[in-house]
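# What the coordinates show
The chain contents come next:
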Amino acid sequence: MISSRETLSPEAQLAEWVEMNKKITSQGKLATYIPALARANPHDLGAAVVGINGLELTSGQWHVPFTLQSISKILSLLVLLMEQSFKYILSKVDMEPTGDPFNSIARLETVKPGRPFNPFINAGAITVCSLIKGKNVDERLNKILDLIYRCTGRWPDLNHEVLLSEWETADRNRSLAYFLKDMGFLGNDLEQTLELYFKQCSIEINSLELAWIGAVLANSGRHPVKNTQIVPGEAARIVKSLMFTCGMYDASGKFAVSAGIPSKSGVSGGILSVYSSNKASLFKEGCGIGIYGPALDEYGNSIAGIQLLKMISKAWEMHAF
């Protein structure tokens, strides 16, 4: 049972909900198809919330580092939106939801040949990586790392064990990349594009740092404390819209109805959520939420993290509608 806001502080509420949802971690499974991810503790669950007013709330295993995986697709898209026009990006990657798995290749050939449905499926993210400007992989990767640094205040590391696992189990992603190359959608060398994609997925972060990224997006791209514009407001708006419609793999529609918060998940168990409305009583101006729970449901989303976000959304009145 969710305790009322009158009887518990926000910190105590969050702690209570984290403990409640830890019980369902046993119902999920780790992402064993990337061997390094299978070494996570399946019973971990951590959460952090950062308000636009600078308020920080943390609970559970919020400090445990994890790799961004598909959450990194938000960051590479933001970098690209700051370099290229939206019209140009749309000519290479569509912005439509899809009910297909994130690594599907079938409909690339049968529907709108070659152009990925959106930047948050693997084919779309690989295309986005290929379009980022730079003379080499490191220069392009540093744009993503610098964006994280400006949001969180810490230059992130790569998890090289996960990176090696990504590289060694990349047959499906290589197939996607070769198809995209054949159709003329890749903007850079195929091998360099894949290297950038694997490296961005292997960036390591914790729940609080993830929540700070969310707070920047919630504040229309402006840092809540430093009051500096990190990304253009229009880029933040585009990304939040895509998070709402496409951010939770092929369970995005269900999540939009039940939780109603723009979110993006990754198969390491991370979820980034962004609340921008002025409706909630606790975070009237908005907030970012970072979740970590490596036990996944059938769609590849954190099984406990989703339930936790549903509780947060309901109790703190964060549903978009």
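Structural data are supplied above this passage.
Everything in this summary refers to the structure shown in the same document.

Conventions used here
- Residues numbered from 1 in each chain as written.
- Predicted model: local features only at pLDDT ≥ 70, side-chain atom pairs only at ≥ 80, totals over all residues.
- Heavy atoms only, no water.
- 1 Å grid on protein atoms, 1.4 Å probe; cavity = no way out; pocket = protein on both sides within 12 Å on 5 of 7 lines; lining within 4 Å.
- Points joined across faces, edges and corners; volume = space filled by probe spheres on them.
- Helix = DSSP H or I, 4+ residues; strand = E, 2+ residues; numbered from the N terminus.
- Nonpolar A, V, L, I, M, F, W, Y, C, P; charged D, E, K, R; others polar.
- Salt bridge = Lys/Arg side-chain N within 4 Å of Asp/Glu carboxyl O.
- Buried < 20%, exposed > 50% of the residue type's maximum accessible area, 1.4 Å probe, protein only.
- Expected span 1.5 Å × (residues − 1).
- Arc of directions from axis to C-beta.
- Contact = heavy atoms within 4.5 Å.
- Pairing = 2+ DSSP bridges.
- Axes fitted to C-alpha atoms, helices over the stretch in contact; angles between N-to-C directions.
- Parallel < 35°, antiparallel > 145°, perpendicular 65-115°, else oblique.
- Left-handed = near helix turned anticlockwise from the far one by under 90°.

The calculated volume of the second largest pocket comes to roughly 200 Å³. Looking at the second largest pocket, it is lined by 16 residues, and the ones nearest its centre are Ala 36, Leu 37, Ala 40, Pro 65 and Asn 159. The set of elements that each furnish at least two residues to the lining of the second largest pocket consists of strand S3 (66-67) and helix H7 (160-168). Of the residues that constitute the lining of the second largest pocket, the class distribution is eight nonpolar, four polar and four charged.

Once the charged atoms of two side chains with opposite charge are near each other, the side chains can pair. Counted according to the given criterion, the structure contains 11 salt bridges. Here Glu 83 makes a salt bridge to Lys 143, at a shortest N to O gap of 2.4 Å. Of this pair, Glu 83 sits in the loop between helix H2 (72-81) and helix H3 (86-92) while Lys 143 sits in helix H6 (residues 137-152); the two residues are 60 residues apart in sequence, bridging distant segments of the chain. Judged by relative accessible area, which is 26%, Lys 143 ranks as partly exposed. The partner of Glu 209 in a salt bridge is Arg 154, with the nearest N and O atoms 2.5 Å apart. Within this pair, whereas Glu 209 is found in helix H10 (residues 207-218), its partner Arg 154 is found in the loop between H6 and H7, the two being separated by 55 residues in sequence. The exposure class assigned to Arg 154 is partly exposed, which follows from its relative accessible area of 32%. Salt bridges linked by common partners bring Asp 138, Glu 195 and Lys 199 together as one network.

Our next topic: empty space enclosed by the protein. Over the atoms, a rolling probe the size of a water molecule traces out where space has been left empty. Within this structure, the stated rule accounts for two cavities of 30 Å³ or more. By volume, the second largest cavity is sized at about 30 Å³. Taken together, Leu 75, Leu 78, Leu 147, Cys 151, Ile 213, Val 216, Leu 217 and Val 231 make up the full set of residues lining the second largest cavity. Where the lining of the second largest cavity is concerned, the elements lending two or more residues are H2, H6 and H10.

An ideal rise of 1.5 Å per residue puts 18 Å on 13 residues; helix H1 (residues 10-22) measures up with 18 Å between its terminal C-alpha atoms. The complete set of buried residues in H1 reads Gln 13, Leu 14, Trp 17, Val 18 and Asn 21. Looking straight down H1, one finds its buried side chains confined to an arc of 130°; they lie on one side. Packed against the buried residues of H1 are strand S1 (46-51), strand S2 (56-60) and helix H13 (303-315).

In terms of strand pairing, S1 meets S2 through five bridges, oriented antiparallel. Residue pairing across strands places Gly 46 opposite Gly 60, the latter belonging to S2. Between the end of S1 and the start of S2, which pair antiparallel, lie four residues, with Gly 54 showing a positive phi angle near 90°.

This part covers the packing of helix H5 (residues 122-131) against helix H8 (residues 171-182). Across the interface, H5 lies against H8 with an axial gap of 10 Å and an inter-helix angle of 60°. By the angle between their directions, the pair H5 and H8 is classed as oblique. Considering the relative orientation of H5 and H8, their crossing is right-handed. Mapping the contact onto sequence places Asn 122, Ala 123, Ile 126 and Thr 127 in H5 and Asn 173, Leu 176, Ala 177 and Leu 180 in H8. The class makeup of the residues in the contact of H5 with H8 is five nonpolar, three polar and no charged.

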